[in-house]
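# Working through the structure, step by step
So you can see what is in the structure, the chains are spelled out below.
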Amino acid sequence: MLNVYLNIIFSDSLKILSLVIPVLIAVAMIVWVDRRVWGLVQLRRGPNVVGPFGLLQTVADALKYIFKEIIIPAGSNKIIFILAPVVTMSLALLSWAVIPFGEDIYLTNINVGVLYLFAVSSLSVYGIIMAGWASNSKYPFLGALRSAAQMVSYEVSIGFVIVTVLLCVGSLNLVDIVIAQKKVWFAVPLFPMFIIFFISALAETNRPPFDLPEAEAELVSGYQTEYSGMMYALFWLGEYANILLMCAMGSVLFLGGWLSPIDLYPFNLIPTPLWLIFKIFILFIAFALIKAIVPRYRYDQLMRLGWKVFLPISLAWVVIVSGFLVYFKKVPIN
């Protein structure tokens, strides 16, 4: 009996590592892509010295963070100060457990996968609040308060956006959501919701033009101000893992997930995980372009956009989609 339990634990550990390691490698590479896109937009090279095409720049940065001294402020709550980046990074990785890379390619397939993502993503704000409060400093505390208000505000609109998708599918299972898009991706009939989801994802991940919780001009580095070394790197890795997660959610909910855009030769020969990875990459390129192009919003503009624009539109779209489905006897729009 003990051998059976050990085999189960070993096989589950291998499954988890087979997901976590590629995600961490993708995070490292996506930072390089991010910098190269900024360089392209600003008519400069970007990282190009460390390794061929600068590919090892992220490795050099990681080594720098590993060997840097970790400084814990004397007046901080040391336990919570240390736990904050660990919580942020752990929650960023936990969310990937339900992302399907194929009809049978996933770490776990639960019937309430969307609720799982909601639950885990809503907890991510706690790591930032813990960091801001435990630092015992004004700038981190203000950054944490900004982040909490921002994430709560835009989670509401993201929730209504996802409700429109769930109404069309009739299931909370992410695999079922992808399969329901075999005829037409939800980005076509629900295009306004796709745009709102994408912009709300920028706010959820504190990306420009909504990077107010870590605004360098007025808050130094926001909730990360007092962090250094590998503890700072965990926040950095967690942020990019969350960005990739939002891109994955956008791909699964609106862009057909692992489904090929053209069900013809040679497109149907490409492995299904590669299609999802390609769509995640395209959405991330859009994230990077917006950071390089769009100026930062004021905080009042950020809140006005979330509560007075996105919330009414997404709520109205839920009513419209519900009425459409009821009128046509609950026939899915695809």
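Now for a look at the structure at hand. No experiment lies behind these values; they were computed from the predicted model shown.

## Quick look at the packing of helix α7 (residues 191–204) against helix α11 (residues 299–327)
In the contact formed by α7 and α11, the axes pass within 10 Å of each other and the chain directions differ by 145°. Note that α7 runs across α11; the crossing there is left-handed. Counting all contacts with α7, which are made through Pro192, Met193, Ile196, Ile199 and Ser200, the residues of α11 involved are Leu305, Phe310, Ile313, Ser314 and Trp317.

## Some points on the packing of helix α2 (residues 57–67) against helix α9 (residues 229–254)
As a packed pair, α2 and α9 sit with axes 7 Å apart at the nearest point and diverge in direction by 135°. The angle between α2 and α9 places the two elements in the oblique class. On α9, the residues that touch Thr58, Tyr65 and Ile66 of α2 are Gly229, Met230, Tyr232, Ala233 and Trp236. For the contact of α2 with α9, the per-class residue count stands at six nonpolar, two polar and no charged.

## Focus: the nonpolar core
Ranked by internal contacts, the top residues of the largest apolar core, which has 72 residues, are Trp96, Tyr240 and Phe254. Among the elements that line this core, the one with the most residues is α9, at 15 residues. Excluding anything up to four places from it in sequence, Trp96 contacts Leu19, Val23, Phe101, Ala241, Leu244, Leu245, Ala248 and Ile280. One finds Val125, Ala134, Ala148 and Met231 within the second-largest nonpolar core, a separate group that totals 13 residues.

Cut-off values and rules
- The residue numbering used here restarts from 1 in each chain and proceeds along that chain's sequence as written.
- In keeping with the predicted nature of the model, local features appear solely for residues at pLDDT of at least 70, side-chain atom pairs appear and are counted solely at 80 or more, and the whole-chain, interface and lining totals rest on all residues.
- Note that water and hydrogens are dropped before the side-chain values are worked out from all heavy atoms of the structure.
- Between N-to-C directions, angles cover 0 to 180 degrees, with each direction set by a line fitted to C-alpha atoms, over the stretch in contact for helices.
- Helix and strand assignments come from DSSP, with helices taken as H or I runs of at least 4 residues and strands as E runs of at least 2, each series counted from the N terminus.
- Each helix crossing is assigned a hand: it is left-handed if the near helix lies turned anticlockwise from the far helix by less than a right angle, otherwise right-handed if that turn is clockwise.
- Whether two residues touch is decided by their heavy atoms; if any such pair falls within 4.5 Å, the residues are in contact.
- Note on angle classes: values under 35 degrees are labelled roughly parallel, values over 145 roughly antiparallel, values of 65 to 115 roughly perpendicular, and the remainder oblique.
- Under the scheme applied, nonpolar residues are Ala, Val, Leu, Ile, Met, Phe, Trp, Tyr, Cys and Pro; charged residues are Asp, Glu, Lys and Arg; polar residues are all the others, including Gly.
- What makes a nonpolar core is a set of buried Ala, Val, Leu, Ile, Met, Phe, Trp, Tyr and Cys residues whose side-chain atoms join them at distances within 4.5 Å.
- The classification of residues rests on relative accessible area computed with a 1.4 Å probe and restricted to protein chains. Under 20% of the type maximum is buried, over 50% is exposed, and intermediate values are partly exposed.

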